[in-house]
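# Observations on chain architecture
As a plain string of letters, each chain reads:
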Amino acid sequence: HWDRRKLYLFAAKLQGPKAYPVVGNGPLFWCKNEEIFNNFMAATAPYPSPVRLWVGPKLVLFVKDPNQLQLILQSSKITTKSFLYRFLEPFLGKGLFTSSGPRQKHHRKLLQPLFSQRMIEGYCHLFQKHSKKFVEDLRKNANGPEFNISTFLQFTAFEATMDLLLEDQDTHSIDYNEIPNYVRKFYEIVFTRVKSFWLHLDIFFKLSSYYREQTKLQSLATTVINEITETNVPKIIEKIKAERKLADAEIRVPSMLESIAEMVMENPDCLTMQDCTDHLMTFMATSQDTQSSAVAFTCMMLGAYPHIQDLVVQELREVMGKKTSLDLTDVSQLKYLEMCLKESMRLFPVGPFIFRDTTEDFQFDKMVIPEGVTVILSIYHAHRSPEHWEKPDEFYPEHFAPEAMSKRHPCAFIPFSAGPRRCIAQHYSYTYMKILLATIVLNYEIECRFKAEDVKLIADISIRPQQGYLIKLKDRTN
Ligand code: HEM
């Protein structure tokens, strides 16, 4: 009772939209999925950050100011993911994304080297191979009508990840074509669960058709991952053991799966095969919708602003000379392409909102947030803040010119989040996305009829354009 009183006293100091008895601000979410984003934005816009919301009996703070975001994201006291992330577990496993506490911290330290510069150098040839295959797969759509590039991108991101994990081994026994779409379907199920608070209870959820659909999708994902952990990892462990016996074994950068196998061998008590399965499920799911969405939005923007696309092509030709594929040094020199990618990720952050729960009282901007509050951190608002961006709603890559960036607030641009729970794969993703974008632009001239202001957004777990990622491609090589 004391804690609830503390919550009410704290909530009384904040402003927010009118809440109703029992359901609180629940009605904000009782509309079609495509209307929720706009309704929510409009309802919270008039109030200063943090905005107070009641979702049923749960107090929720909506944080949209970069200074406040920085205080929360950089703190080691508020790193616990919200209870809502439990709904992601059936398809992300208990990997780094969904878990919290000492196990998460320890595993993050163990897994961090998988995304080091040295390892990324080793992955580069796979990024190139899949980018080249991707532009070939697109040929049938070139010089034709408008199409949605997202499905193609999700598939190539999935193939590249599987290649990375399976190391080019053609061992898969199920039809991979079924997989890429599963992330999108899962998001829909998770989002329906998040917004319908009666489905938070397992007993009601298990009675719903969503549960049956989820079970089907989950078994698809686990079949793929179990194939890796049950067949490939033990084989690789044997190989490593055999190689270690040879004094003159070749010294080379290990593959991702070899590194994981080595970690399991060296940390048998804290990294079990089940942990491995969880982490691989997370990597498989997080690599699809995220990277493909960011690349798809960038394609749309380059297509909508041909003079900017021309500058990207000019830079590519200067950096590449007569070469036909990019190495990591070339990638690091593609500064303008990176500015365009970042500007797209600013306008359309793949994860617009992230969620934390307070597990203790948290001193925050002259107030104390009590334990038991859910905090929604709005990356979307930081990215569109008129205080921090000259042209907040326009596509203007110069926002990322080095001089402009040196003056920018550290949390005005955080597509990968920030602080101890930031994305583990930021550098990896930029490298993959730049190689893929460069290969697309070198092969095709992109056209898109939607300027930044014309893109109407829908958000569930991620953000996407209502109309789809519609573009036209013209062959550049003819
Ligand atoms: C455009 C690409 C990507 C974007 C924008 C992105 C964004 C993010 C964001 C915003 C978070 C924080 C989530 C939260 O706090 O709830 C996050 C965490 C994470 N991401 Fe990414 N991500 C991307 C690609 C990837 C890829 C390719 C992988 C794996 C191969 C990955 C693995 C992870 C993991 C494991 C975490 C959890 C880290 C932790 O809490 O320790 N992400 N990502």
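Parameters and conventions
- Residues numbered from 1 in each chain as written.
- Predicted model: local features only at pLDDT ≥ 70, side-chain atom pairs only at ≥ 80, totals over all residues.
- Helix = DSSP H or I, 4+ residues; strand = E, 2+ residues; numbered from the N terminus.
- Rg over C-alpha atoms; globule rule 2.2 N^0.38 Å.
- Buried ≥ 20, exposed ≤ 12 C-beta atoms within 10 Å, placed from the backbone.
- Contact = placed C-beta atoms within 7 Å.
- UniProt positions renumbered as here; feature names shortened; annotations may be inferred.
- Pairing = 2+ DSSP bridges.
- Axes fitted to C-alpha atoms, helices over the stretch in contact; angles between N-to-C directions.
- Near = placed C-beta within 6 Å.
- Core = buried A, V, L, I, M, F, W, Y, C linked by C-beta atoms within 7 Å.
- Expected span 1.5 Å × (residues − 1).
- Nonpolar A, V, L, I, M, F, W, Y, C, P; charged D, E, K, R; others polar.
- Parallel < 35°, antiparallel > 145°, perpendicular 65-115°, else oblique.
- Arc of directions from axis to C-beta.
- pLDDT = per-residue confidence, 0-100.

Check the secondary structure of the protein chain and you find 19 helices and 11 strands. In terms of overall dimensions, the protein chain is globule-like: its C-alpha atoms have a radius of gyration of 23 Å, near the 23 Å expected for 478 residues. If you line up the protein chain on its principal axes, its C-alpha atoms span 65 × 55 × 45 Å. Buried residues in the protein chain amount to 39% of all 478 residues. Taking the intrachain contacts of the protein chain between residues at least 6 apart in sequence as the baseline, contacts between residues at least 24 apart amount to 77%.

Here the focus is unusual backbone geometry. For the bond running from S49 to P50, omega is 0°, close enough to zero to count as cis. Position of P50 relative to the elements: it lies in the loop between α2 (33-44) and β1 (51-55). One non-glycine residue, D365, adopts positive backbone phi at about 45°. By the secondary structure assignment, D365 is in the loop between β5 (362-364) and β6 (367-369).

What follows concerns the UniProt feature "binding site: heme" (unreviewed entry) in the protein chain. Under the present numbering, the feature "binding site: heme" (unreviewed entry) in UniProt falls on C423. Within the secondary structure layout, C423 lies in the loop between α18 (402-406) and α19 (426-443). Other than its neighbours up to four places away in sequence, C423 contacts F416 and S417.

Paired through backbone hydrogen bonds, the strands of a sheet run either parallel or antiparallel to each other. Spatially, β1-β2-β7-β4 is the arrangement adopted by the 4 strands of the open sheet, whose pairing is mixed. Only two strands of the sheet have a single neighbouring strand rather than two, namely β1 and β4 (353-357). Mean inter-strand twist for the sheet, computed between neighbouring axes without regard to direction, equals 25°. When β1 meets strand β2 (residues 58-63), the two strands line up antiparallel, connected through 5 bridges. Counterpart to L53 in the pairing with β2 is V60. Where helix α3 (residues 66-73) meets the sheet, it contacts β2, β4 and β7 (374-378), and its direction lies at approximately 125° from that of β7.

Glancing now at the sheet that holds strand β11 (residues 470-475). In space, the 3 strands of this open sheet follow the order β3-β11-β8, with antiparallel pairing throughout. The sheet terminates laterally at β3 (147-148) and β8 (444-447), the two strands that pair on one side only. Taken together, the 4 bridges between β8 and β11 define a ladder with antiparallel strand orientation. Looking at β11, one finds that E447 is bridged to K472.

Turning our eyes to something else, we now look at the site of the ligand. T286, T290, S417, C423 and A425 are the nearest of the 23 residues found near the ligand. Listing elements by their share of the shell around the ligand, those giving two or more residues are α12 (273-286), α13 (289-304) and α19.

A few words now on the nonpolar core. One finds C299, M300 and L437 to be the most contacted residues of the largest nonpolar core, which totals 92 residues. Here this core takes 10 residues from α19, the largest share from any one element. Ignoring anything within four residues of it in the chain, the contact list for C299 reads I149, I440, I446 and I471. Counting residues in each nonpolar core, the second largest holds 25 residues, with F62, V63, L377 and A418 among its members.

On to helix α16 (residues 335-347), then. With 13 residues, α16 should reach 18 Å at 1.5 Å per residue; the first-to-last C-alpha distance of 19 Å fits that figure. Looking only at α16, the buried set comprises L337, M339, C340, L341, E343, S344, M345, R346 and L347. Against α13, α14 (306-320), α17 (379-383) and α19 lie the buried residues of α16.

Secondary-structure assignment places S219 in helix α10 (residues 209-245). On the basis of neighbour counts, which here come to 9 C-beta atoms within 10 Å, the residue S219 falls in the exposed class. Considered as a pair, S219 and D460 are 241 residues apart in the sequence and their alpha carbons are 23 Å apart.

Okay, the packing of α14 against α16 next. Direction vectors running N to C along α14 and α16 enclose 145°, while the axes themselves pass 8 Å from each other. Residues I308, L311, V312 and E315 of α14 form the contact with α16, whose participating residues are Y336, L337 and C340. For the contact of α14 with α16, the per-class residue count stands at 6 nonpolar, no polar and 1 charged.

At a minimum axis distance of 11 Å, the contact between α16 and α19 shows a crossing angle of 105°. Taken together, α16 and α19 sit at an angle that is classed as roughly perpendicular. Judged by residue contacts, L337, E338 and L341 of α16 engage M433, K434, L437 and A438 from α19. Each residue belonging to the contact of α16 with α19 can be placed in one class, and the counts come to 5 nonpolar, no polar and 2 charged.

With that settled, the discussion passes to the pairing of β1. Regular strands place side chains that alternate from one sheet face to the opposite one. By the criterion of burial, β1 is predominantly enclosed, with 4 of the 5 residues buried. Two successive antiparallel strands, β1 and β2, enclose a turn made up of 2 residues, where G56 displays a positive phi of approximately 60°.

Below, the discussion takes up α3. Three or more residues of α3 are buried, namely P66, Q68, L69, I72 and L73. Projected onto a plane normal to the axis of α3, the buried residues spread over an arc of 160° and lie on a single side. Along its buried surface, α3 packs onto β2, β4, β7 and α17.

Considering every residue of the protein chain, the mean pLDDT works out to 89; 94% of them sit at 70 or more. Across the predicted assembly, pTM comes out at 0.93 and ipTM at 0.99.

Here F83 shows up in the loop between α3 and α4 (89-92). Sequence spacing of F83 and D393 is 310 residues, and the spatial spacing of their C-alpha atoms is 33 Å.

Glancing now at the environment of Q70. Residue placement: Q70 occurs in helix α3. Residues contacting Q70, with those up to four places away along its chain left out, are P410 and C411.

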